[in-house]
Amino acid sequence: MVPKAEPNRGDPAITKAPGDTKRHRYIKLQNGLNALLISDINNVDEEFSEEGGAESEIETDNDNDSGTDSKDDGENSDSKDDEKVKPEESPSDLDMEIEGLAVEEAWAEPTGKKDEDESTEKMSAAALCVTVGSFCDPEDLPGLAHFLEDMVFLGSLKYPDENGFDVFLKKHGGSGNASTDCELTVFHFDIQQQYFKAALDRWAQFFIHPLMIRDAINREVEAIDNEYQPAKPCDANRWEVLLGSLARPGHPMRKFFLGNAETLKHEPKKSNIDFYTRLKDFWQNYYSAPYMNLVVQSKETLNTLENWVTEIFSQIPNNGLPKPSFDHLTDPFDTPEFHRLYRVVLVSNIHLLNIIWALSPQERNYRVKPLRYISWLVGHEGKDSILSFLRKKFPKKLLVCLPSGCKCCIPIYENVAESGPRHAALRGKHIFKVGPINYVENICENMHLFCKQDFLTGNQLLFDYKPEVIAEALDLFCPQRANLCLLSTNNEGKCPLKERWLEMQYSVEDIEQYWAAVWAFDFELNPDLRHPEENEYLATDFSLKAPDFPEVDYPVKVLNTPQGCMWYRKDNKFRKPEAYVHFHLISPEVQRSAESVVLLDIFVSILPLNLSEPACGADIAKLEYKLVAGEHGLIIRVKGFSHKLPLLLQLIIDHLSDFSFTPAVFEMIKEELKKTYFNMLIKSEVLAKKLQFTPLAHPCPVQFRVVDLPNTHLLCKVKTFNKGDANSEVTVYYQAGARGLRECVLTDLLVMHMEEPCFSFLRTKETLGYHVYPAYRNNSGIIGFSISVTTQATKHNSEFVDKKIEEFLLYFEEKMKLLTEDAFHAQIEALKSLTKEDLIEWFQVLRGKDRRTLSIHVVGYGEQEQDSEFAAVSDVQGPLLGEHPQLTFLPPSSYMKNTAFIRHIKDFTSTLNLLPYHKILQ
């Protein structure tokens, strides 16, 4: 959605911004791997003297490439991909420089030197994209590509420790992850700059010689299955898998991409498949250097980065095989089965109509992006738009998604030519900053899709305006080509069919003849639909204002009245023509009762509805606002270009002061909130946090106060509201009480050191669940920490998981004692005043004889929870709108039979003291 003329060297949109010192170089290694190097040096003169002074550069492929790269068949060269997505491109285009756009990260610095300590805090990042994904899964091993993505992390020949790379990243403030898509598998990480080369070497071994030892396979299959189980009750996942199943037979879109224990363990065993050999073969066939794109970004020079990449990544094997291609496949959804009406049963209590079109591939049109024009106009929320018309026509419905297949789109389209490039100045002038790890990941995928000169901006800018291309795409949006799906909990009992993998219930039927007849003819043009008006919120002044306030390190109070206070700090780092303004309207009324909390939620739901039409232009102009129902009142946040931001703030204040609504809107929002509350509480992990809340016994105004837990281990075990959900959530909370800043830092540091071993012990070794994480807790100054595990009642009793958390903490204490001083200080350089002994001593206090522990178990349905003993529980399940769901408390089993357990939350908390609100000052 970025209308912009094709860039050239004189275009102000590509003029280097102050502080933009980013430079790029494209190389191709001898083994066929393509790499983009991004340098973020801060001293421009130093870089220019070393590299020759070019503003930005791109190097073409080496003429002396050896091996398969020099063959004429083109299978491993760039030419095949270039032809696929790069029409109307002359050979010389491939040699163009990447434009020097001001694409900056959140940590970009003004030009010039900065002190040495600050530079050590900057992050370097890398991403590698293998242009192979789940489409390549063998028919008899669904999920193998996803499984391989996980397996390569578990040690290499050079670095054999299973979790060695994760440990190295955590130790040096970094993070890493990977994802598998249909045709891509993407790996990425970031780390402090001084450890970047060492991390690259460890990471590259995933693709050079991963161990993939047999002993790890069964554990990792369980990990994949633990990822699959939480996906089963998720409506978005269920619908996506069902949609894929509608593809024509034989098309890879029908495959089950995620994989589970059945596809990766039980079925292969029944079929006598040598799974280990097939896994190794899959890696050898598809993890080949010419299939890969690499992006690295750091504050090293381009020459340094090129030397590192060449030295490290040239070892990735090139198997000489042709890259897999799916270009020969026809439209997967061009079938009669797709163009029908589906009814689907949802887990969440919502009601949706989805209208879906399957379009031909649009990669060749990426410089035009016709779908952005269409979706922008159809999705416009301003005056005289489709959404505005529908909201007026159906005032009792909360319309958030558009039935966008109607031919009423056509008269809107006919006026596009008048203003297609109108917003070019805004979008071309500024490319919005993203973090380094997201930046390299995006560009890594872009390298698979776009011409070299468009790697940086190909997914953002509209380079060419071609009405005929937009019209061609628009012609595909006809009712006869659509898939209609009604998704609702009300469909239960009416849907006899069930999707195999995630078990979504559905039915299918022909579209009624009446509607087919109506859609066979053009509709009359609707006079109530008009082209969007000129946007008054578009900024035109991007200049930086002259300093009018002394530079300070922290916000300074500039206004202090009985009505409120204001703090201000001028940006002296990023130097952008942008502003961030937060208001907190505090009222003691909010916490007087549960009714007051709900009324604020309703208010915060109605106000954006009132603003949606008049504020539409602000959203288009990249001015953002957010309204939050806070603990003590209404929070208003606005941000965006400084020039027109006051207009948006004035609009919000006007609607706030002149707030109004109709009874119909109030009832509609109230019903939607009831559904929202229900949908939150059927998720076990949300319910486990919610159970810690308690009514306040003191009158307002009040600060939140926390229950003082008794000196024992408490268990609160309840059944989930969703009777079809096997997922259990186990959270164990350790309360430390009111403490000072030193204890807060120590607790936070404990959790940081705990992250990787917690994941390794509970997820990798014990395979208890996919979601495993420790968390630092600070509730109104009362500190502590918790560990949460999502498991399944079909595999584990929740109390068994609780005991394993206890085992982990015993293991962690011993691990902390073995921690070296270097490893301790490497994590956070700022904590030089603290010692390893301080950390161990504090951990022993938290876990000592006076410890206060609360275990919250929200239990799913499965044989490990003896559900036959609690058959009555099912009587209170099912759709609960209009009802008051009651928590069903369960007694402990033999795993925790000596633990004090809670039978009723309010009765329990009424016997306890409330800790005073504690402000942590020193």
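Structure: above.
Reading the values: rules and limits
- Position labels on residues start from 1 in each chain and follow its written sequence.
- Residue-level local features of this predicted model are given only where pLDDT is at least 70; pairs of side-chain atoms are given and counted only at 80 or more, and the full residue set underlies all totals for whole chains, interfaces and linings.
- Hydrogens and water are ignored here; the side-chain numbers use all heavy atoms of the structure.
- A run of H or I in DSSP becomes a helix once it reaches four residues, and a run of E becomes a strand once it reaches two; helices and strands are each numbered from the N terminus.
- Only protein chains enter the accessibility calculation, which uses a 1.4 Å probe; a residue whose area is less than 20% of its type maximum is buried, one above 50% is exposed, and one in between is partly exposed.
- For this analysis, residues touch if any pair of their heavy atoms sits within 4.5 Å.
- Per-residue accessibility takes into account occlusion by the displayed protein chains alone, with areas from the Shrake-Rupley method and a 1.4 Å probe.
- The nonpolar core is taken to be a set of buried Ala, Val, Leu, Ile, Met, Phe, Trp, Tyr and Cys residues, with the residues joined through side-chain atoms within 4.5 Å.
- We call Phe, Tyr and Trp rings a pair once their centres come within 6.5 Å, taking the six-membered ring for Trp, and we label the pair stacked below 30 degrees between planes, edge-to-face above 60, and tilted otherwise.
- Pairing between strands is defined by DSSP: at least two bridges between them are needed.
- When two cysteine sulfur atoms are found within 2.5 Å, that pair is recorded as a disulfide.
- The span expected for a helix works out to 1.5 Å for each residue beyond the first.
- At any given residue, the bend is defined as the angle formed between two axes, one fitted to the seven residues that end at that position and one fitted to the seven that begin there.
- Axis definition: a line fitted to C-alpha atoms, limited for helices to the stretch in contact. Angles are taken between N-to-C directions and run from 0 to 180 degrees.
- Whenever Lys or Arg places a side-chain nitrogen within 4 Å of a carboxyl oxygen from Asp or Glu, that contact is recorded as a salt bridge.

1. Observations concerning the overall build of the protein
What the protein contains, in helices and strands, is 29 helices and 24 strands. A burial count over the protein gives 50% of its 922 residues as buried. Within the protein, residue pairs in contact and separated by at least 24 positions form 82% of the contacts whose partners lie at least 6 positions apart. Total accessible area on the protein stands at roughly 43500 Å², and carbon and sulfur atoms take up 53% of it.

2. Quick word on the nonpolar core
Counting 60 residues, the largest nonpolar core has Leu128, Phe189, Leu200, Trp203 and Phe313 as its most contacted members. When residues in this core are grouped by element, the largest group, eight residues, is from helix H6 (residues 196-208). For Leu200, the contacting residues outside a window of four places in its chain are Ala126, Phe189, Val296, Trp308, Ile312 and Phe313. Residues Leu746, Cys758, Ile787 and Trp842 belong to the second largest nonpolar core, which totals 34 residues.

3. Concerning the packing of aromatic side chains
Enumeration according to the criterion identifies 38 aromatic pairs in this entry. Residues Phe135 and Phe257 carry aromatic rings whose centres are separated by 6.0 Å and whose planes lie at 55 degrees to one another, so their mutual orientation is tilted. Within this pair, whereas Phe135 is found in the loop between strand E4 (123-130) and helix H4 (144-151), its partner Phe257 is found in the loop between helix H8 (235-245) and helix H9 (261-270), the two being separated by 122 residues in sequence. For Phe135, a relative accessible area of 8% corresponds to the buried category. Where Phe761 meets Phe808, the ring centres are 5.8 Å apart and the plane angle is 50 degrees; that geometry is what we call tilted.

4. Quick notes on the sheet that holds strand E8 (residues 341-345)
Sheet strands line up and pair through hydrogen bonds in the backbone, either parallel or antiparallel. Judged by pairing direction, the sheet is mixed, and its five strands sit side by side in the order E9-E11-E8-E13-E12 without closing on themselves. Because the sheet does not close on itself, it has two edges, and the strands there are strand E9 (351-357) and strand E12 (497-498).

5. Things to note about the state of the cysteines
Tallied over the full model, the rule gives zero disulfides. Summary of cysteine pairing: Cys129 is not part of a disulfide, and the nearest cysteine sulfur, belonging to Cys444, is at 4.8 Å.

6. Side note on helix H25 (residues 741-765)
A rise of 1.5 Å per residue sets the reference length of H25, with its 25 residues, at 36 Å; its end C-alpha atoms lie 35 Å apart and thus fit the reference within 8%. In the structure, H25 departs most strongly from a straight axis at Met754, where the bend amounts to approximately 40 degrees and where the proline Pro757 lies between one and four residues downstream.

7. Side note on the sheet that holds strand E22 (residues 782-792)
Read from one edge of the open sheet, six strands run E21-E22-E20-E23-E19-E24, paired in mixed fashion. Each having just a single partner strand, strand E21 (772-779) and strand E24 (900-901) make up the two edges of the open sheet. Relative to strand E23 (residues 852-859), strand E19 (residues 713-719) runs parallel, the two being bridged by seven bridges. Following the sheet pairing, Lys717 is matched in E23 by His857. Where H25 meets the sheet, it contacts E21 and E22, and its direction lies at approximately 160 degrees from that of E21.

8. So, the pattern of salt bridges
Per the stated rule, a full pass over the model turns up 36 salt bridges. Arg367 is the salt-bridge partner of Asp454, the closest N and O atoms lying 2.5 Å from each other. Within this pair, whereas Asp454 is found in the loop between helix H17 (436-449) and helix H18 (467-474), its partner Arg367 is found in the loop between E9 and helix H12 (370-378), the two being separated by 87 residues in sequence. Summarising the burial analysis for this pair, Asp454 and Arg367 share the class buried. Two residues, Arg851 and Glu806, come together in a salt bridge whose shortest N-O distance is 3.6 Å. Taken together, the residues span a long stretch of sequence, with Arg851 in the loop between helix H28 (836-846) and E23 and Glu806 in helix H26 (residues 798-817) at a distance of 45 residues.

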